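Each chain, written out:
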Amino acid sequence: MNRQIRNKLTVIFSFMSIVAGIAFNVTAADKKEIPEYIGSQACLPCHADKYISWKSSNHAQMVVPIINSSNLPLDIASAPANLQAELRKATYMVANSFFLERDPATQHYKFLGVLFDKVAKTYMPSGINLDWSTSCAGCHTTDMNTPNLTWGEAGIGCEACHGPGRNHALNKGDISKIVAGKEADICGQCHGGNDVQTGGKLMSDGTKWVVGFRPGMKLSTLPGIQLTPVDPKKIPPDSSFNVNHLRNFNMWEASRHSKALSRIINNSQATADCYGCHSAEGFAAKLQGKKVDIAQKGSFNTLSCVACHDAHNSDNPRQLVVDADKLCTSCHTQEALLKGTGARGIEDTRSVHSAVSCVSCHMTEGNHLMKVIRPDDPDLSERRTDTCTMCHKDNNRKGRAQQIQEWQAEYKEKMAALQVEVNSISAALKQKPDLLNADLKKKFGDLRFNLSLLTRDRSQSVH
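The present account deals with the structure reproduced in this document. Being a predicted model, the structure only gives us computed values, none of them experimental.

Focus: the pairing of strand 6 (residues 141-145)
In regular strands, side chains alternate between the two faces of the sheet.
Phase 1 of the analysis: Alignment of strand 6 against strand 7 (residues 150-154), held across four bridges, turns out to be antiparallel. Residue Asn145 lies in a different strand from strand 7, and its bridge partner there is Thr150.
Phase 2 of the analysis: Between strand 6 and strand 7, which pair antiparallel in sequence order, lie four residues; one of them, Leu149, sits at a positive phi of approximately 55°.

In structure tokens:
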């Protein structure tokens, strides 16, 4: 029998045994013997579709035991001779790229001097010199015991996001005994971060991951947490301190997305369409072609991480629920200006930027403020990447800044002059409604509509 199939069957039968055992009456004494965290495998019998989707995700593969050489991405013999000895020491593989061994002196796990390049598909030397147990383990495992530096489950399992599953399982799947929300704090427990001011320490006692958080809590109420605040009016913070750990949650929290729901929740005139763009639940329904049930708005969340990212897995890059541009244009109408469509009375007009995707400009350096990094921003250091020179490598930053300034100055000048003319005609029509014939009135209406497109776009001609 194929080893992979045999392993799957073994796992399935073991899960069935777990569920069968839980199905019997459990006494209070027995309950105390069952740990709060029962592991992701216990979720499979009832949530097979979600489990299978998650199992192939980066979360599930974040920390993988190296039982034998077959667990390695490539045969050891394919590695350079000087790296083969390092690979033989490996006890875990992290993020499908890095390898760990246990330090016999401290019993901590540390990085080995070899990594797997997923793009080149080859083993390479690694210069990382970190104690993984004290620097990384808390966000790469589930049910972390920080004082002992031990964990219940390798990788980011179901209970990392849904909370401990014992009571949920013992109460026949009672949904009130598990967390199934869309709160961004769940993601923020690991996808938050700090800058050089704190040395990357997330807790005031020096711990480099969030301690004491459970799904359902608010990160802001956690004693000792120190997430670096982000000023939405300024340039997105520099994420290069630790390029693999962008401060996504911190930036999202400062963004307009995090406040989308609060802008309409108390508005009695807000319709289902409004909630389709201002809430995570409404947005999910909208993408699925379903009607948004605003009777449930009291339980809605704002546009949190899972509005755009599938928490379990997806076929799209970055676990997006749909194509990146579709995500943006489902709500943001600026696409009309970017693509040169939607105006009345004139032909479609394409610009040099019409083929550029939204995220290419609005997520430079992966920033979740969704903010363009202008080349003329006074806070932009030389080592940072501005949005323009991401693509325009044939010119210097000063030249690009001047080009944008000239575009926008010309736009403002022309718009101001045009607005004077429009206001003049509008005032004249109030005095004499029959001043224009039907054809000219239609053209004037089209003009005002087109001006409103430009005004709402706010890019001042860049789109």
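So, the pattern of salt bridges
Phase 1 of the analysis: Evaluation of the coordinates by the stated rule reveals 12 salt bridges.
Phase 2 of the analysis: With its nearest N and O atoms 3.9 Å apart, the salt bridge here joins Glu101 to Lys110.
Phase 3 of the analysis: When the shortest N-O distance is used, the salt bridge between Arg384 and Glu365 registers 2.7 Å. Linking Arg384 in the loop between helix 16 (358-362) and helix 17 (397-431) with Glu365 in the loop between helix 16 and helix 17, this pair joins segments that are 19 residues apart in sequence.
Phase 4 of the analysis: We classify Arg384 as buried; its relative accessible area is 8%.
Phase 5 of the analysis: Here the salt bridges do not stand alone but share partners, grouping Asp238, Glu365, Arg383 and Arg384 into one network.

Looking at the state of the cysteines
Cysteine pairs can be linked by a disulfide, which is a covalent bond between their two sulfur atoms.
Phase 1 of the analysis: Going through the model one piece at a time under the given rule, you end up with one disulfide.
Phase 2 of the analysis: A sulfur-sulfur distance of 2.3 Å marks the disulfide that ties Cys277 to Cys331. Between Cys277 and Cys331, the S-S dihedral sits near -100°, and the bridge is therefore left-handed. Placement of Cys277 in helix 11 (residues 272-278) and of Cys331 in the loop between helix 14 (324-329) and helix 15 (335-339) is noted, with a sequence separation of 54 residues between them.
Phase 3 of the analysis: A relative accessible area of 16% means that Cys277 is categorised as buried.
Phase 4 of the analysis: We note that Cys361 lacks a disulfide partner, and the nearest cysteine sulfur, in Cys391, lies 6.6 Å from it.
Phase 5 of the analysis: By relative accessible area, which is 27% here, Cys361 ends up partly exposed.

Description of the side chain of Gln319
Phase 1 of the analysis: Its place among the elements puts Gln319 in the loop between helix 13 (305-308) and helix 14.
Phase 2 of the analysis: Gln319 gets classed as buried once you look at its relative accessible area, which sits at 13%.
Phase 3 of the analysis: Not counting residues within four places of it along the chain, the set of residues in contact with Gln319 comprises Ser57, Asn58, Cys308, His309, Asp310, Ala311, His312, Asn313 and Ser314.

Details of the packing of aromatic side chains
Aromatic ring pairs are described here by two measures, namely the spacing of the ring centres and the angle between the planes.
Phase 1 of the analysis: For the coordinates displayed, the defined rule picks out 10 aromatic pairs.
Phase 2 of the analysis: The interplanar angle of 80° and the centroid separation of 5.3 Å between the aromatic rings of Tyr92 and Tyr109 together place this pair among those described as edge-to-face. Taken as a pair, Tyr92 in strand 2 (residues 92-94) and Tyr109 in strand 4 (residues 109-117) lie far apart in primary sequence, 17 residues in all.
Phase 3 of the analysis: With relative accessibility at 10%, the residue Tyr109 sits in the buried group.
Phase 4 of the analysis: On the basis of an interplanar angle of 65° and a centroid distance of 5.9 Å, the ring pair of Tyr275 and Phe300 is categorised as edge-to-face.

Section: the sheet that holds strand 5 (residues 122-125)
Phase 1 of the analysis: Pairing in this open sheet of five strands is antiparallel, and the strands run 1-2-3-4-5 from one edge to the other. Each edge of the sheet is formed by a strand with only one pairing partner; in this case those strands are strand 1 (63-65) and strand 5. Sheet twist, expressed as the mean angle between neighbouring strand axes with direction ignored, is 35°.
Phase 2 of the analysis: Relative to strand 4, strand 3 (residues 98-102) runs antiparallel, the two sharing four bridges. Looking at the pairing, Glu101 lines up with Lys110 of strand 4.
Phase 3 of the analysis: Sitting on the sheet, helix 4 (residues 81-88) touches strand 3, strand 4 and strand 5, and the angle it makes with strand 4 is about 135°.

Section: the nonpolar core
Phase 1 of the analysis: Ranked by internal contacts, the top residues of the largest apolar core, which has 17 residues, are Tyr92, Leu100, Tyr109, Trp132, Met144, Trp151 and Trp209.
Phase 2 of the analysis: Mapped by element, the contributors of at least two residues to this core are strand 2, strand 4 and helix 6 (137-140).
Phase 3 of the analysis: Not counting residues within four places of it along the chain, the set of residues in contact with Trp132 comprises Val63, Val94, Leu100, Tyr109, Lys110, Phe111, Ala137, His140, Thr141 and Trp151.
Phase 4 of the analysis: Core analysis: the next-biggest nonpolar cluster, separate from the first, contains 13 residues, Leu87, Met93, Leu112 and Val114 among them.

Conventions we followed
- Residues numbered from 1 in each chain as written.
- Predicted model: local features only at pLDDT ≥ 70, side-chain atom pairs only at ≥ 80, totals over all residues.
- Heavy atoms only, no water.
- Pairing = 2+ DSSP bridges.
- Helix = DSSP H or I, 4+ residues; strand = E, 2+ residues; numbered from the N terminus.
- Salt bridge = Lys/Arg side-chain N within 4 Å of Asp/Glu carboxyl O.
- Buried < 20%, exposed > 50% of the residue type's maximum accessible area, 1.4 Å probe, protein only.
- Disulfide = S-S within 2.5 Å.
- Contact = heavy atoms within 4.5 Å.
- Phe/Tyr/Trp six-rings, centres within 6.5 Å; stacked < 30°, edge-to-face > 60°.
- Axes fitted to C-alpha atoms, helices over the stretch in contact; angles between N-to-C directions.
- Core = buried A, V, L, I, M, F, W, Y, C linked by side-chain atoms within 4.5 Å.

Distances and angles like these do not, on their own, reveal function.
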